[in-house]
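Report on the structure
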Amino acid sequence: MGLSITTISPSTLQDGDTVTLTGSGFGSSQGSVLIGGLSQAVSAWSDTGITFTASKGSQSLGACRVDVVKGSAGASYLGGVLTLNGSFPSKATAAPVYFDDYELRSAGASATGIGLESLGGDATAVAVSTARAYPGTKSLRGDYATGDAGHFPRIGVSGLNADEVYISCNMYWERYTTGTSNAAIFKLCRAGSGTAYSGHPQFYETIRPDFTSGAITGIDRGYVQDDGTPNYLNTNSGKANRDGWHRLEYRYKLSTPGSADGALQTYVDLVANSNNTSAITRQTGSTAQINWVITPFDGMDHRGFTDNAYYVFVDNLYIDTTPVRVEVGNASTLAACTERVVAVPTAWSTTNITANLNTASLGSGTRWVYVFDENNAQYGSALEVTL
């Protein structure tokens, strides 16, 4: 579509005037407005309208020529900051509910002292550690020591009052004391309504590893409707096996009451384990919302034996009430990516996004930026960026 200016208001400009252009073909990516070659301060831009503040510089205004230069979609990276220009889905609040990579935290700091909460468990076993990180030097570590048949920190966030949550993190677990040959059960994430841990509707995930190999051989995953009806989604395609870093992702969306439009999508290392986008989680008339999220420190059960000990490490913990987000991957298509990193937005509009990005696990060179929409699907084309 060709660019066309239909109206300019006011038609005679004074220095400092707020000016509105209407027309078509301006494009969704912000470009520039020029008066006599001088760039103007644009405050709003869409395909059919532009608002800017007139500035005369050394020239006179009055009846003058106004030029519009279309913008183009693109991405740039400088000093840890990713800047995107283009057409993007809306996001009411740029920053997520919670994000931390723990690099600026003091070793030994309790999880409850750095923005997380104890949601009815024993949080004393979870603290910042320098033993492992992905990447960097620090992460959160849960210590499931010997002498305890089970330990349940139940670390998370509350007060969300949302219809949806998206959670992403990197997790590593290991056994540091070997005793009786009996595998532990690790309770990872859950989120729901009402009382933390037990309230519903909610989703949950537990992994059951083999004692010898550490491979995940069993899964207890699903969602509970607000009337208490359980639904099991125990596919085990992506596995968070012992002694390795894994990316975990969860998207849980409450349904419109009585409608099959809720969702539970879970991934390990970008591999889908559940992909239900037609779930009924709320019955007709329900007003339940998601109030709390418990992170991968939900807890573990030694299953009656107390002579094994485990560490669970969590890094890059990202919690939000929407799956709308930015990620940077190592391939030009989502399917080809073997590594994707969430960029943490600090400013967001439908034409511009600014986000902080840790590139350590991505390396340098050409990478690709992906924006995800409210359906957890790729929005638009991937944007090339040089790191």
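See the structure printed just above.
Below: a short report on this structure. Predicted, not measured: the structure shown is a model, and the values here were computed from it.

Reading guide: rules and limits
- Residues numbered from 1 in each chain as written.
- Predicted model: local features only at pLDDT ≥ 70, side-chain atom pairs only at ≥ 80, totals over all residues.
- Heavy atoms only, no water.
- Helix = DSSP H or I, 4+ residues; strand = E, 2+ residues; numbered from the N terminus.
- Polar contact = N/O pair within 3.5 Å; in protein donor to acceptor, adjacent residues only side chain to side chain.
- Contact = heavy atoms within 4.5 Å.
- Buried < 20%, exposed > 50% of the residue type's maximum accessible area, 1.4 Å probe, protein only.
- Core = buried A, V, L, I, M, F, W, Y, C linked by side-chain atoms within 4.5 Å.
- 1 Å grid on protein atoms, 1.4 Å probe; cavity = no way out; pocket = protein on both sides within 12 Å on 5 of 7 lines; lining within 4 Å.
- Points joined across faces, edges and corners; volume = space filled by probe spheres on them.
- Nonpolar A, V, L, I, M, F, W, Y, C, P; charged D, E, K, R; others polar.

1. What to know about the side chain of Arg190
- With respect to the secondary-structure elements, Arg190 resides in strand β17 (residues 185-192).
- Reaching out from Arg190, the side chain makes a polar contact with the side chain of Gln202 at a distance of 3.0 Å.
- Residues contacting Arg190, with those up to four places away along its chain left out, are Tyr197, Gln202, Phe203, Tyr204, Trp292, Val293, Ile294 and Asp298.

2. Some words on unusual backbone geometry
- With an omega of -25°, the peptide bond between Tyr134 and Pro135 qualifies as cis.
- Among the secondary structure elements, Pro135 is positioned in the loop between β12 (126-129) and β13 (139-144).
- Not every positive phi belongs to a glycine, and Asn161 is a case in point at roughly 50°.
- Residue position: Asn161 is located in strand β15 (residues 155-162).
- Judged by relative accessible area, Asn161 falls into the partly exposed class, the value being 48%.

3. Re the nonpolar core
- Counting 49 residues, the largest nonpolar core has Leu116, Leu140, Phe186, Phe203 and Leu317 as the members making the most contacts within it.
- Not counting residues up to four positions away in its chain, the partners in contact with Leu116 are Tyr98, Tyr102, Ala111, Leu140, Ile155, Gly156, Val157 and Leu317.
- Counting residues in each nonpolar core, the second largest holds 19 residues, with Val326, Ala343, Trp348 and Ile353 among its members.

4. What about the layout of surface pockets?
- Empty space within the largest pocket amounts to approximately 460 Å³.
- Around the largest pocket, the lining comprises 25 residues; the ones closest to its centre are Asn170, Asn316, Arg340, Val341 and Val342.
- Secondary-structure elements contributing two or more residues to the lining of the largest pocket are β16 (164-177), β21 (246-253) and β28 (340-348).
- Its residues assigned to classes, the lining of the largest pocket shows 10 nonpolar, 10 polar and five charged.

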